[in-house]
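# Close look at the chain arrangement
Each chain, written out:
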Amino acid sequence: MTKKSSLKGHAFWSAVLQFSRFGGNAVIFLAMARFLSLEEIGAFGVAYAPIRWTQVLQKTGISSSVIVSLRSRHDTEQADRDPVFTTLFYLAMAVSLLVVGLLVISGLVMERTSTSDQPVGRMMLVMAIVPLVFGLASVPEGLLRKNLEIRSLALRTLAVQIASAGLAVVLAIKGFGAWSLVGFAVLNAVASSVISIAMARWRPSGPPSLQSMKAQLPQFSAISGRALVSGAAMPMLQFLVGVFIGLEAAGAFQIAQRVYTILDALCLAPLRFLVLPLFSRAAEAGEGKLSGDTVLRTMRVAGLLSAPFYLGTLAIADPALTLVIGAENASRAVLPLQIFCLLGINITSVTVLSQAFTAAGHAGMAFWRSVWMLCITIVLSVPALMLSVDAVTLGFVISSYVALAVFYRQIEQVFAISGAATFGAVARPYLAAALAMAPVFALQWYLQPILPLWGILVVQILLGALLYLAAAKFIAPKAFGELRRVLRR
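Residues numbered from 1 in each chain as written. Predicted model: local features only at pLDDT ≥ 70, side-chain atom pairs only at ≥ 80, totals over all residues. Heavy atoms only, no water.

## Some remarks on the packing of aromatic side chains
Scanning all chains against the criterion turns up 9 aromatic pairs. On the basis of an interplanar angle of 50° and a centroid distance of 5.6 Å, the ring pair of Phe 253 and Phe 340 is categorised as tilted. With Phe 253 in helix H12 (residues 247–267) and Phe 340 in helix H15 (residues 327–341), this residue pair connects regions lying 87 residues apart in the sequence. Phe 340 shares its class with Phe 253; the two are buried. Through successive ring pairs, a cluster of aromatic residues spans Phe 253, Tyr 260, Tyr 310, Phe 340 and Phe 396. (Phe/Tyr/Trp six-rings, centres within 6.5 Å; stacked < 30°, edge-to-face > 60°. Helix = DSSP H or I, 4+ residues; strand = E, 2+ residues; numbered from the N terminus. Buried < 20%, exposed > 50% of the residue type's maximum accessible area, 1.4 Å probe, protein only.)

## Structural notes on helix H9 (residues 179–200)
Between its terminal C-alpha atoms H9 stretches 32 Å, which fits the 32 Å expected from 22 residues at 1.5 Å a residue. Here H9 has its buried residues at Ser 180, Leu 181, Val 182, Gly 183, Phe 184, Ala 185, Val 186, Asn 188, Ala 189, Ser 192, Ser 193 and Ser 196. Positive backbone phi, at 50°, marks Arg 201, one or two positions downstream of H9. (Expected span 1.5 Å × (residues − 1).)

## Quick look at the pattern of salt bridges
Summed over all chains, the structure comprises 3 salt bridges. The residue Glu 141 makes a salt bridge to Arg 156 at a minimum N-O spacing of 3.1 Å. One end of the pair, Glu 141, is in helix H7 (residues 129–146); the other, Arg 156, is in helix H8 (residues 150–173), and 15 residues separate them in sequence. We note that Glu 141, like Arg 156, is buried. (Salt bridge = Lys/Arg side-chain N within 4 Å of Asp/Glu carboxyl O.)

## As for the layout of surface pockets
There is about 530 Å³ of room inside the second largest pocket. Lining the second largest pocket are 24 residues, with Leu 263, Phe 309, Thr 313, Ile 316 and Ile 461 positioned closest to its centre. Among the secondary structure elements, those contributing two or more residues to the lining of the second largest pocket are helix H1 (3–33), H12, helix H14 (292–325), helix H20 (419–447) and helix H21 (453–475). Of all the elements, H14 adds the most residues to the lining of the second largest pocket, at 10 residues. (1 Å grid on protein atoms, 1.4 Å probe; cavity = no way out; pocket = protein on both sides within 12 Å on 5 of 7 lines; lining within 4 Å. Points joined across faces, edges and corners; volume = space filled by probe spheres on them.)

## Thoughts on empty space enclosed by the protein
Counted by the stated rule, this structure contains 2 cavities of 30 Å³ or more. The space that makes up the second largest cavity amounts to roughly 50 Å³. Taken together, Lys 59, Ser 63, Phe 134, Ala 137, Ser 138, Glu 141, Ser 192, Ser 193 and Ser 196 form the lining of the second largest cavity. For the lining of the second largest cavity, the secondary structure elements donating two or more residues are helix H3 (56–68), H7 and H9. Split into classes, the residues belonging to the lining of the second largest cavity amount to 2 nonpolar, 5 polar and 2 charged. (Nonpolar A, V, L, I, M, F, W, Y, C, P; charged D, E, K, R; others polar.)

## Some points on a nonpolar patch on the surface
Taken together, the side chains of Leu 323, Val 324, Leu 453, Trp 454, Val 458 and Leu 462 define a hydrophobic patch exposed on the protein surface, amounting to about 540 Å² of accessible area. Sorting the residues of the nonpolar patch by element identifies H14 and H21 as the ones contributing at least two each. Per-element tally for the nonpolar patch: the top contributor is H21, with 4 residues. For Val 458, the position within the fold is in helix H21. (Patch = residues over 30% accessible without salt bridge, like charges linked within 9 Å, V, L, I, M, F, W, Y side chains within 5 Å. Areas by Shrake-Rupley, 256 points an atom, 1.4 Å probe, with all protein chains shown as cover.)

Pasting the structure below:
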């Protein structure tokens, strides 16, 4: 396989993998949401919130630690037996057992104290198996990613998603309500972990060593801590919305999050999954240094690809959600979704810069941005629980941009490029998208008396695509050039 075909192949299978893992999950959830009440959806969202938060320790923290760890041998087969991977495995298991214990305690407390008819505590207890199996598979999956076995991972995830969706549909048809979503989550975690372990053919090479574990703690703590802190805000808000505003509000918040997850899976998750190994290789080739020009080029391409998804979804959210999940559930979820879509520039910037800082050996900077983000979210969003779920969502978005401003101030000292230049690289495509989507957003009121919902969506999508391509060509020409160069590789 040539280098050109290899890069395109990795990009394609990375997109398939990430959409199957995140977007496919969300698509299935939205399909199920048409047959579940907001209260049932909210109950699952509250039960799954702590599991969603803690799984980043294994799925991001351990796997990323494996990826950025330098092998001590050149032969890949032997290098995968490096003791550092065994050490990371035992760290993963220690963390997983701690998480399982906390989830069991939390589930028992919820079971005893909840006044809702929905079995939130029992669902949490059943899903406590998820972090355990993710811990077992975290090093094997990290090795598969490090070796860029992306096609195999994509096919695995696709097959597991189909099987899990089948179980969820059967449970829903038989009237199990929110338990159908629990069944999907558990089968998806167990099956994907078992297959990853079998594919990697990796086993720990010895017993745990406290000295080795201590040596790995700084890097592990930086990456895992950032993942844990950066992933805390959304599950925390999901849980608090359910407790303080109610399960119906939690259901609307969960639906908006799931659509937002689809957007991430379509345009940023493949980039996030692929860019860290590629940045890591570029840093190794540059003797530990990642050039600012590489970061700028990546930001331009990321902005060009993500802008139409986020701002386009904002423009078509009302007819699209109504068509997919029904008017009743959509009526409370549209505005939170549109507010989430305002995060486009923020999440695109964080996706690229976090990976760049990590590959350049400055994971701590990305970690402290996450700390600032969580603190500001608590200050702005938690008091909004006294108002509405829309106010909570808006507080989260404002917090994200305040923390991003702090992040941009750190760029120049690491990559020798200004924060303004970096922001401009991603903001230009979003300006083009904003100009293109404004008439698309207004068009729905004109078309409502004339066309059915699906017809309105078709017109909006086609018009939006044409207007965005025309606007981006003139407003963000460098981004277009970078994308053409990437596709020619």
